[in-house]
Amino acid sequence: MPKNVHEIRDPIHVFVRLSNDERKVLDSRPFQRLRHIHQLGLTYLVYPGATHRRFEHSLGVMELAERVYDVVTGKLTDDVRNEFPDVGDDRKREYWRCVLRMAALCHDIGHLPFSHAAEKKLLPEGWNHEALTAQLIRSDEMYPIWKGMKIDADDVVKLALGRKELPDVDFTPWETILAEIIVGDAFGVDRMDYLLRDSHHAGVAYGKFDQYRLIDTLRILPRVPTDVETGFALGLDEGGIQSAEALMSARYFMYSQLYFHPIRRIYDIHLQEFLLEWQGDDGYPTDVEGHLRLTDAEVMQGIREAEQNADLPGHLHARRVSRRKHFKLIYSHNPIDAAIDTEAGRAVFRALSEKFGADYFRHDRYRQGGNAPEFPVRMRDGRVSLSSTISAVLTHLPVVDLDSVFADRAVADEAKRWLRSHRNEIIRSRPEGDTDG
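My aim in this report is to walk through the structure given alongside it, one point at a time. (Residues numbered from 1 in each chain as written. Predicted model: local features only at pLDDT ≥ 70, side-chain atom pairs only at ≥ 80, totals over all residues. Heavy atoms only, no water.)

1. A few points about the sheet that holds strand β9 (residues 401-407)
Logical step 1: Pairing in this open sheet of three strands is antiparallel, and the strands run β5-β9-β6 from one edge to the other. With partners counted over all chains shown, the strands left at the sheet margins are β5 (328-331) and β6 (361-367), one partner each. Averaged over neighbouring strand pairs, the angle between their axes works out to 35 degrees when direction is ignored.
Logical step 2: As judged from the three bridges shared by β5 and β9, these two strands associate in the antiparallel manner. In the strand pairing of β9, L329 is matched with F406.
Logical step 3: In the packing of helix α14 (residues 262-279) onto the sheet, contacts are made with β5, β6 and β9, and the angle to β6 comes to roughly 115 degrees. (Pairing = 2+ DSSP bridges. Helix = DSSP H or I, 4+ residues; strand = E, 2+ residues; numbered from the N terminus. Axes fitted to C-alpha atoms, helices over the stretch in contact; angles between N-to-C directions. Contact = heavy atoms within 4.5 Å.)

Encoded structure:
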C-alpha cells in the first residue's frame, strides 16, 4: 500500500511527519535548494560541527508550529473562542493548521547563499530574503501545489512573513496570532528551533531550554490594558514563566557567545566582500530562476577559483576565507570604555585608519534594540499581566552589544601596540551629539 504519512528523522524533534501533499512542497525546487544553504554561514570554520542546513531547520519549525497550534487551539477560554470563531469550525481549523505548517516549512526558502552573511549589501534596495520568500511561494512552480492542497498562497505568505514584513497588507486578528506562532518576537517557533538546533550542532549548551514545558503553557491571551495594542496575543500561563526566562536567556547567550563570536563575524565580512566583487554590477538575481541557481556550492566554487587566480574578482577576500587568513580581532567592546564613549569602537577604527590606512581595518558594530519582548501572562488567580511585572529575570536581561575592530595580519601586531599606547587619547568623553571622533 502507498504511504500516506512520511517520517523524517530529526536530531532535535526525533520525527517530523508530512502528508503526501506536503511531501510535494518538500520535493519542490525552492525547498530542496535549502539542502545547500548553511544555516549558520561560515560558522563551521570556527565550530566544526555547525554544518547543518536551512532544510532541516525548516522541517523543525513546521513541527514546532503544529505543536503550538494544537496546544493554543485546544485550550481556549470562552472570550478567546468568541473572538476567533474559525477555531470552532472544524473545516476552517484544519485549513489554518495546514496553512500554518506550510508557512513554517517555507519561511526560509528566500535565503541567499550562506544565509544572512551578505543579504543587506548584496540585494537591491527594497529586497530582502523575506521578499524573495514571498515571490517563491507565489511562483508558477509552487502554485499547482497550493491549488492541489486547496490553500491560498497569499495566506501562506502572510503567516510565513508576519505583519512586520508586510506592513501594507491587512491581517485579521487570527492571522496575526498565527503569524506570531512562526515569527513572533517572544514565542516564534523559528527562534525556538534555531536556538535548539544551532546549540546542538555547534556543540554548546547555551541554546537549550525546556521546549516541552514552554509550549504546553502557551495560550492566546488578551493584551493587558497598558499595552499599546488591543486584542489578543500569544502569551503563557504563569507556570511557564521559568521556561520563557530560559528561552530569552538562551537567545542572549547564543548571540553573545556563538552568533557574535568575533571570528565568525569577520568571516561574514570577508564573505560579504567577496560576494560583492564576485557578483559585480549585476548584483544578486531577484528573479525566481536566478535565485534557485545560486547556493553555497556555487559560491564555494567561486571562492576556490578566485583564491587560485589573482586576476579574478574577489581574489584577496577568497584567500582570506579559504586559507583562514582572516583579519585579527584587536579591539572589542568592554564596559570600561563604553562608560567613557558608547561608540568607542568607532573612535578606535577611525584612529587606526588614519594612522595605518583604512584598508587594513574593519569595524563591526551591533547593539540589540532592547531587552526581552513583552508578552501577556495569565496568573494563577486568573488575572492577566505583562511579563515585565512578573519576571525580574526578563526585565534585567542584558542587551547584546557588539563593537569590534579587526586588523589585517600585516599590521595587526603593530596596530595593537600603537592602540595600547594611545588608548586614553582615542577613547574619551565627547560633547553630546559629537559622534565623529
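2. Looking at the layout of surface pockets
Logical step 1: Of the volumes computed, that of the second largest pocket is approximately 240 Å³.
Logical step 2: Lining the second largest pocket are 13 residues, and of these S256, F260, H333, D401 and L402 sit closest to its centre.
Logical step 3: Broken down by element, the residue count for the lining of the second largest pocket peaks at four residues, all from β9.
Logical step 4: Of the residues contributing to the lining of the second largest pocket, the split by class is seven nonpolar, four polar and two charged. (1 Å grid on protein atoms, 1.4 Å probe; cavity = no way out; pocket = protein on both sides within 12 Å on 5 of 7 lines; lining within 4 Å. Points joined across faces, edges and corners; volume = space filled by probe spheres on them. Nonpolar A, V, L, I, M, F, W, Y, C, P; charged D, E, K, R; others polar.)

3. Structural notes on the packing of helix α5 (residues 90-106) against helix α9 (residues 153-161)
For any two helices packed against each other, one specifies the inter-axial angle together with the distance between the axes.
Logical step 1: Close contact between α5 and α9 brings their axes to 8 Å; oriented N to C, the two are set at 60 degrees. By the angle class used here, α5 and α9 are oblique. Every pair of crossing elements has a handedness; the one defined by α5 and α9 is right-handed. In this structure, α5 contributes Y95, W96, V99, L100, M102 and A103 to the contact, and α9 contributes D155, V156, L159 and A160.
Logical step 2: When grouped by side-chain class, the residues that make up the contact of α5 with α9 number nine nonpolar, no polar and one charged. (Parallel < 35°, antiparallel > 145°, perpendicular 65-115°, else oblique. Left-handed = near helix turned anticlockwise from the far one by under 90°.)

4. Here's the deal with the pairing of β9
Logical step 1: Among the seven residues of β9, six are classified as buried, and the element is accordingly described as predominantly covered.
Logical step 2: In this sheet, β9 lies alongside β6 in antiparallel orientation, the contact comprising seven bridges. Across the sheet, D364 pairs through a bridge with S404, a residue of β9. (Buried < 20%, exposed > 50% of the residue type's maximum accessible area, 1.4 Å probe, protein only.)

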